[in-house]
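The chain contents come next:
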Amino acid sequence: MTTVPAGRPRPTPTALADAAVRRRGQGLLHVGVAVGVVGAITEAAVLAVATNTADGPYRYAADYWLTASGLPVAVGAVLVLAGVRLVQDRRDGRLGQVGLGLVGVTMAALCAVLLASLFAGQDVQGGPTYVASTALSWVGVALCSAGSWRVGMVPRWLLVVWPVVWAVGSFFAVSVSPLLLAALYVTLLVVVRSSPVSPEAG
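Below is a summary of the structure that appears in this document. Residues take numbers from 1 onward in each chain, read along the sequence in its written order. Where local features are concerned, this predicted model is filtered to residues with pLDDT of at least 70; where side-chain atom pairs are given and counted, the filter is 80 or more; whole-chain, interface and lining totals use all residues. The side-chain quantities take in all heavy atoms of the structure and omit both hydrogens and water.

Another aspect to go through is the packing of helix α3 (residues 93-120) against helix α4 (residues 129-148). Pairs of packed helices are described in terms of their axes, by the angle between the two and the distance that separates them. Working convention: axes come from line fits to C-alpha atoms, limited for helices to the stretch in contact. Angles between N-to-C directions cover 0 to 180 degrees. The helix count covers DSSP runs of H or I at least four residues long, the strand count covers runs of E at least two residues long, and both are numbered beginning at the N terminus. Packing of α3 against α4 brings their axes to within 7 Å, and their N-to-C directions diverge by 155°. Comparing the axis directions of α3 and α4 gives the class roughly antiparallel. In terms of crossing hand, the pair formed by α3 and α4 is left-handed. Across the contact of α3 with α4, the residue classes break down as 16 nonpolar, nine polar and no charged. Between 65 and 115 degrees an angle is taken as roughly perpendicular, under 35 as roughly parallel, over 145 as roughly antiparallel, and anywhere else as oblique. By definition, turning the near helix anticlockwise from the far helix through less than a right angle yields a left-handed crossing, and turning it clockwise yields a right-handed one. For this classification, the nonpolar set comprises Ala, Val, Leu, Ile, Met, Phe, Trp, Tyr, Cys and Pro, the charged set comprises Asp, Glu, Lys and Arg, and every other residue, Gly included, is treated as polar.

What follows is the structure, given as structure tokens:
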């Protein structure tokens, strides 16, 4: 049984429910950052030091590792955005809702293409699926950033660079550019944990 200190108002059911949602968002964010960072670091390592095939059937282990690294990057993106949205009490509004839905759909499509590539042993584009999904995922991240702009939890400079870092650090990655995405996720986690609207703030 939870006790309330004397002189302090008892939390309302709505406040308790909101706090539970924020805690769930914090959990999603932690998992998403961990998954996304692992994927980004793996992708950067493969691009930086391993030999991989430019075109045609996969010939090296790095080909499989590079393709597989896109899976945690995709899943991490959805979890991070969903976590941030919940921690913000969904105050990012329709923009955040549509952006998250768009990222969720495009990342599911990309995961399907990546899995097909792993099974086929060569890049599978799925017609326009890969190109369209990567482009629309950028739109989704941009919409989520725009929705978070007025909430005030995430610094605006971070919201501005988020779509750019997503583009250059994920599926358009070269060399060690995925490390930019990993750094952004870690920064985001630190910011959210120290924000007054985070669960720790009560």
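Counted at 1.5 Å a residue, the expected span for α4 with its 20 residues is 28 Å, and the 28 Å between its end C-alpha atoms agrees. All of the buried residues in α4 are Ser133, Thr134, Ser137, Gly140, Val141, Cys144, Ser145, Gly147 and Ser148. Taken end-on, α4 shows its buried residues confined to a sector of 160°, consistent with a single buried face. Residue contacts follow a heavy-atom distance rule, with two residues in contact if any of their heavy atoms lie within 4.5 Å. Those residues of α4 that are buried are in contact with α2 (61-87), α3 and α5 (156-169). Here the expected length of a helix is defined as 1.5 Å per residue gap, with one fewer gap than residues. Here the term buried applies to any residue with accessible area under 20% of the maximum for its type, exposed to any over 50%, and partly exposed to those in between, with areas from a 1.4 Å probe on protein chains only. For this quantity, the arc is that covered by the directions from the helix axis to the C-beta atoms.

A word on the nonpolar core. Counting residues in hydrophobic clusters, the biggest one holds 35 residues, and the most contacted among them are Trp162, Trp166, Tyr185 and Leu188. It is α2 that contributes the most residues to this core, eight residues altogether. Those residues in contact with Trp162 that sit more than four places away from it in its chain are Val80, Leu81, Val84, Val141, Ser145, Leu184, Tyr185 and Leu188. Only buried residues count toward a nonpolar core. Its members are Ala, Val, Leu, Ile, Met, Phe, Trp, Tyr and Cys residues joined through side-chain atoms within 4.5 Å.

One pair of aromatic rings is described through two measures. These are the centre distance and the angle between the planes. What counts as a ring pair is set by centres within 6.5 Å for rings of Phe, Tyr and Trp (its six-membered ring), and what kind of pair is set by the plane angle: stacked under 30 degrees, edge-to-face over 60, tilted for all other angles. The final tally for this structure, using the stated rule, is one aromatic pair. A centroid spacing of 5.0 Å and a plane angle of 85° characterise the contact between Tyr58 and Tyr64, whose relative ring orientation is edge-to-face.

The values reported here are purely geometric and, on their own, carry no functional implication.
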